[in-house]
Amino acid sequence: KSIEHAIEPAVQYKYAELGKEEPPFFDMSELVPLKTSSVEVSLMNRILDKESELLTLKVTETYDFLNVEKPYQPLLVDAYAGKVVSLRLSAAYDFYLEEITSANSDAAVTLFGITASAGQSYVSGLGVVSNTYGLSYGGRAVSTGGRLLYDPKEDIAREVSGWFAYTHQCWGFSFSAVNKYPDDYGVFFTVSLAGIGSNKPIYYGPGGLSTTVPVTQ
């Protein structure tokens, strides 16, 4: 099998200036500063064979023109390796603190359509903040799985979720449920029809039955 090595450099400039009033948002991930001016430089390395990627390594650095005191943002490193056994690692290095401020890692093994995975998240000053475990199966018509998010500090399961999906030639449906500590939960059911798409998911949670999924932080 032939092996290829690809190098992909990229430069991206971001500029945004919003009005004086903050725009509406639905969750914390949508919060953006009123003004942004930064340039992002990244370098992606890929090693591939004829079937898939064997190894990727991406390094990203952002320079914030509006942050006079600390214009250099944390250096981001993302790495992936594997086929049957896959390994992923992401980390952020702060030049000013001279330390790794966060890191995430996970490993997965896939055999006969069944994937078992385990991951870990680290934050500087707090140590390991979460462990994640998952088990899933993906077939032509049926896929199912579950996920556990464990907090080693508090010795509790922060989140437990599971799903089941069935797909036929012209229709399909999916069912999922999630339970978040201490008392948040939700159940979702969606039906899909070929050529029409997915209807609104039916949600059941603490507020009762609804077609609107509540936002939780």
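Model, not experiment: these values are computed from the prediction. (Residues numbered from 1 in each chain as written. Predicted model: local features only at pLDDT ≥ 70, side-chain atom pairs only at ≥ 80, totals over all residues. Heavy atoms only, no water.)

## Focus on the overall build of the chain
Now for step 1: What the chain contains, in helices and strands, is zero helices and 15 strands.
Now for step 2: Counting across all 217 residues of the chain, residues that qualify as buried make up 18%. (Helix = DSSP H or I, 4+ residues; strand = E, 2+ residues; numbered from the N terminus. Buried < 20%, exposed > 50% of the residue type's maximum accessible area, 1.4 Å probe, protein only.)

## Here's the deal with the packing of aromatic side chains
Now for step 1: Evaluation of the coordinates by the stated rule reveals nine aromatic pairs.
Now for step 2: Cluster of aromatic residues (ring-pair linked, three or more members): F164, Y166, W171, F173 and F189. (Phe/Tyr/Trp six-rings, centres within 6.5 Å; stacked < 30°, edge-to-face > 60°.)

## Description of unusual backbone geometry
Now for step 1: The residue after Y181, namely P182, is reached through a cis peptide bond having omega 5°.
Now for step 2: Positive phi, normally seen in glycine, also occurs at E98, with a value near 55°.
Now for step 3: With respect to the helices and strands, E98 occurs in the loop between β5 (85–94) and β6 (99–111).
Now for step 4: Judged by its relative accessible area of 61%, E98 is exposed.
Now for step 5: Positioned with a positive phi, D155 is a non-glycine residue whose angle comes to about 60°.
Now for step 6: Checked against the element boundaries, D155 lands in the loop between β9 (142–151) and β10 (156–167).

## Points about a nonpolar patch on the surface
Now for step 1: A cluster of nonpolar side chains, contributed by V84, V85, L87, V109, L111 and F112, occupies part of the molecular surface with about 600 Å² of accessible area.
Now for step 2: Of all the secondary structure elements, the ones that give two or more residues to the nonpolar patch are β5 and β6.
Now for step 3: Along the polypeptide, V84 turns up in the loop between β4 (75–82) and β5.
Now for step 4: Exposure remark for V84: the relative accessible area of 45% places this residue in the partly exposed category. (Patch = residues over 30% accessible without salt bridge, like charges linked within 9 Å, V, L, I, M, F, W, Y side chains within 5 Å. Areas by Shrake-Rupley, 256 points an atom, 1.4 Å probe, with all protein chains shown as cover. Salt bridge = Lys/Arg side-chain N within 4 Å of Asp/Glu carboxyl O.)

## A few points about the environment of T62
Now for step 1: Here T62 is to be found in strand β3 (residues 53–64).
Now for step 2: In the structure, T62 is positioned 51 residues away from V11 in sequence and 9.7 Å away in space, judged by C-alpha atoms.
Now for step 3: If near-sequence neighbours (up to four positions away) are discounted, T62 is found in contact with S38, V39, E40, P71, Y72 and Q73. (Contact = heavy atoms within 4.5 Å.)

## Let's talk about the environment of S176
Now for step 1: Its location among the elements puts S176 in strand β11 (residues 171–180).
Now for step 2: Of the residues examined, S176 reaches a relative accessible area of 23% and is grouped as partly exposed.
Now for step 3: A sequence separation of ten residues divides S176 from G186, and the C-alpha atoms of the two residues are 8.3 Å apart.
Now for step 4: Setting aside residues up to four positions removed in sequence, S176 forms contacts with G162, W163, G186, V187 and F188.

## Re the confidence of the model for the chain
Now for step 1: Put simply, the chain has an average pLDDT of 85, and 82% of its residues get 70 or more.
Now for step 2: By mean pLDDT, the top-scoring element of the chain is strand β7 (residues 114–123) (96), and the lowest-scoring one is strand β15 (residues 208–210) (49).
Now for step 3: Low pLDDT, under 50, characterises residues 26–30; the stretch is placed with four contacts to residues that sit more than four places away or in other chains.
Now for step 4: For residues 211–217, every residue scores under 50 in pLDDT, and the model assigns this stretch eleven contacts once sequence neighbours within four places are set aside. (pLDDT = per-residue confidence, 0-100.)

## Quick word on the pattern of salt bridges
Now for step 1: Summed over the entire model, instances satisfying the criterion amount to five salt bridges.
Now for step 2: One salt bridge in this structure joins K14 and E40, with 3.9 Å as the shortest N-O distance. Taken together, the residues K14 in strand β1 (residues 4–17) and E40 in strand β2 (residues 35–48) connect sequence positions 26 residues apart.
Now for step 3: For R158, the salt bridge identified is with D151, shortest N-O distance 3.0 Å.
Now for step 4: The network of salt bridges with shared partners includes E8, R46 and E53.

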